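Here's the letter readout for the chains.
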Amino acid sequence: MSIRFLTAQLAQQIDEELMNAVGAFSLDQLMELAGLACAQTLATVYSKEKYSKVLVCCGPGNQGGDGLVAARHLGMFGYAPTIYMPKPGSKEIYQRLQTQCINMDIPIISPSASAEELPRVLQSSNVILDAIFGFSFKPPVRAPFDDALKLISASGLPIVSVDIPSGWDVERGNAEGVGLNPDVLISLTAPKVGAKYFTGRHFLGGRFVPKAMQEKFQLNLPEYPGFDQIVELPRNHKM
């Protein structure tokens, strides 16, 4: 049976069950595993010898938290990440993840200086990790993210998007035409319906879904190889 693609509603339900009394995961645990999968995906496709300078773009929600975790792991892997947050998250977990990156001397672009700094940092970067919007995003793209997406798209740099490319509707894809067009996508838990419109290299991460939950939701997830946190999925043909 083929892997199941999730609607926004079903993805939300699975997240909630993972963190309720039955699933028993904490948000910290899921973010750590998701961020590690994101970092491993980027490192699998883009070697640190050629793509050492990574611009990690983080939104204010859980997606951005995954990006902050990924930035820390990329630093541990020997990459030189820089973090860009158009609008930093306010939750306590986000603040802690940000502090962990500061403790590793990972540069963070100040939101107040981002309009001037982002073009400069893009020029000196080799690859982008897009962790701005998650599966709960609905168009249109509002400030300050609209200008950021335009600059990122115009940079011509390779992009690795987390879960769903920023600016895409989770079920209709880049229907508005304002989203990023990444080269690589790392879906988390299970791919979302909008990922059917993605034709680049596609990985699955989040090696934490219990067998009982996989069966309950009929996810039909592939086997992960060895001890990897990610598995590559077949490419989609253009729709």
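Here the residue index of a chain counts from 1 through its sequence in written order. Local features in this predicted model are restricted to residues of pLDDT 70 or higher, and side-chain atom pairs are both shown and tallied only at a pLDDT of 80 or more, whereas totals for entire chains, interfaces and linings draw on every residue. Water and hydrogen atoms were dropped before computing side-chain values, which therefore reflect all heavy atoms in the structure.

With respect to the nonpolar core
Thinking step 1. Working definition of a nonpolar core: buried Ala, Val, Leu, Ile, Met, Phe, Trp, Tyr and Cys residues. They are joined through side-chain atoms within 4.5 Å. Summary of the burial criterion: residues with accessible area below 20% of their type's maximum are buried, those above 50% are exposed, and those between are partly exposed, where the area comes from a 1.4 Å probe applied to protein chains only. Grouped together as the largest cluster of nonpolar side chains are 34 residues, with contacts concentrated most on L42, V54, L68, I83, L129 and I186.
Thinking step 2. Strands here are runs of E lasting at least two residues and helices are runs of H or I lasting at least four, both read from the DSSP assignment and numbered beginning at the N terminus. Secondary-structure elements contributing two or more residues to this core are α2 (27-45), β1 (53-58), α3 (62-77), α4 (92-103), β4 (127-131), β5 (159-162) and β6 (184-188).
Thinking step 3. Those residues in contact with I186 that lie beyond four places of it in its chain are A37, C38, T41, V160, S161, V162, D163, F203, L204, G205 and I230. Whether two residues are in contact is decided by their heavy atoms, any of which lying within 4.5 Å being enough.

Description of the sheet that holds β5
The pairing of strands in a sheet happens through backbone hydrogen bonds and is either parallel or antiparallel.
Thinking step 1. Only when DSSP finds a minimum of two bridges between them are two strands counted as paired. Read across the open sheet, the eight strands follow the order β3-β2-β1-β4-β5-β6-β7-β8; overall the sheet is mixed. With one partner strand each, in any of the chains shown, β3 (108-109) and β8 (230-233) form the two edges of the open sheet.
Thinking step 2. In this analysis an axis means a line fitted to C-alpha atoms, helices contributing only their contacting stretch, and an angle means the value between N-to-C directions, from 0 to 180 degrees. Against the sheet, α3 engages β1, β2 (80-84), β4, β5 and β6, with an angle of about 160° to β1.

As for the packing of helix α5 (residues 114-124) against helix α6 (residues 145-154)
Two measures define how a pair of helices packs: the angle their axes make with one another and the distance between the axes.
Thinking step 1. Relative to each other, α5 and α6 sit at 20°, their axes nearing to 10 Å. One element, α5, and the other, α6, form an angle in the roughly parallel class. Crossing of α5 against α6: the hand is right-handed. Two secondary-structure elements touch here, α5 through L118, P119 and L122 and α6 through A148, L151 and I152.
Thinking step 2. All amino acids are sorted into three groups, where Ala, Val, Leu, Ile, Met, Phe, Trp, Tyr, Cys and Pro are nonpolar, Asp, Glu, Lys and Arg are charged, and the leftover types, Gly among them, are polar. Counted by class, the contact of α5 with α6 contains six nonpolar, no polar and no charged residues. Any angle between 65 and 115 degrees counts as roughly perpendicular, while under 35 counts as roughly parallel, over 145 as roughly antiparallel, and the rest as oblique. Two helices cross in a left-handed way if the nearer one is turned anticlockwise from the farther one by less than a right angle. They cross in a right-handed way if the turn is clockwise.

Description of the environment of E49
Thinking step 1. Among the structural elements, E49 can be located in the loop between α2 and β1.
Thinking step 2. The exposure class assigned to E49 is exposed, which follows from its relative accessible area of 66%.
Thinking step 3. Residues E49 and S155, 106 residues apart in the sequence, show an inter-C-alpha distance of 21 Å.

Things to note about the pattern of salt bridges
Thinking step 1. Definition used for salt bridges: Asp or Glu carboxyl oxygen within 4 Å of a side-chain nitrogen of Lys or Arg. This structure, assessed with the given rule, holds nine salt bridges.
Thinking step 2. Among the ionic pairs, R201 bridges to E232, the shortest N-O distance being 2.9 Å. Of this pair, R201 sits in strand β7 (residues 201-205) while E232 sits in strand β8, and the two are 31 residues apart along the sequence.
Thinking step 3. Overall, the relative accessible area of 26% leaves R201 in the partly exposed class.
Thinking step 4. Under the relative-accessibility criterion, E232 is labelled partly exposed at 38%.

Focus: the pairing of β4
Thinking step 1. The buried count for β4 comes to five of five residues, which makes it a mostly enclosed element.
Thinking step 2. On β4, burial covers both faces: V127, L129 and A131 on one face and I128 and D130 on the other are all buried.
Thinking step 3. The pairing of β1 with β4 spans five bridges and is classified as parallel. Within β4, the position partnered with V56 by the bridge is L129.
Thinking step 4. Direction of pairing for β4 relative to β5: parallel, over a ladder of three bridges. By the bridge assignment, D130 is partnered in β5 with S161.
Thinking step 5. Following the backbone out of β4, through α6 and into the adjacent parallel β5, one traces a crossover that is right-handed. With the strands aimed away from the viewer, a crossover counts as right-handed if its path from the first strand over the helix to the second runs clockwise.

Fair warning: the whole summary comes from geometry, so function is off the table for now.
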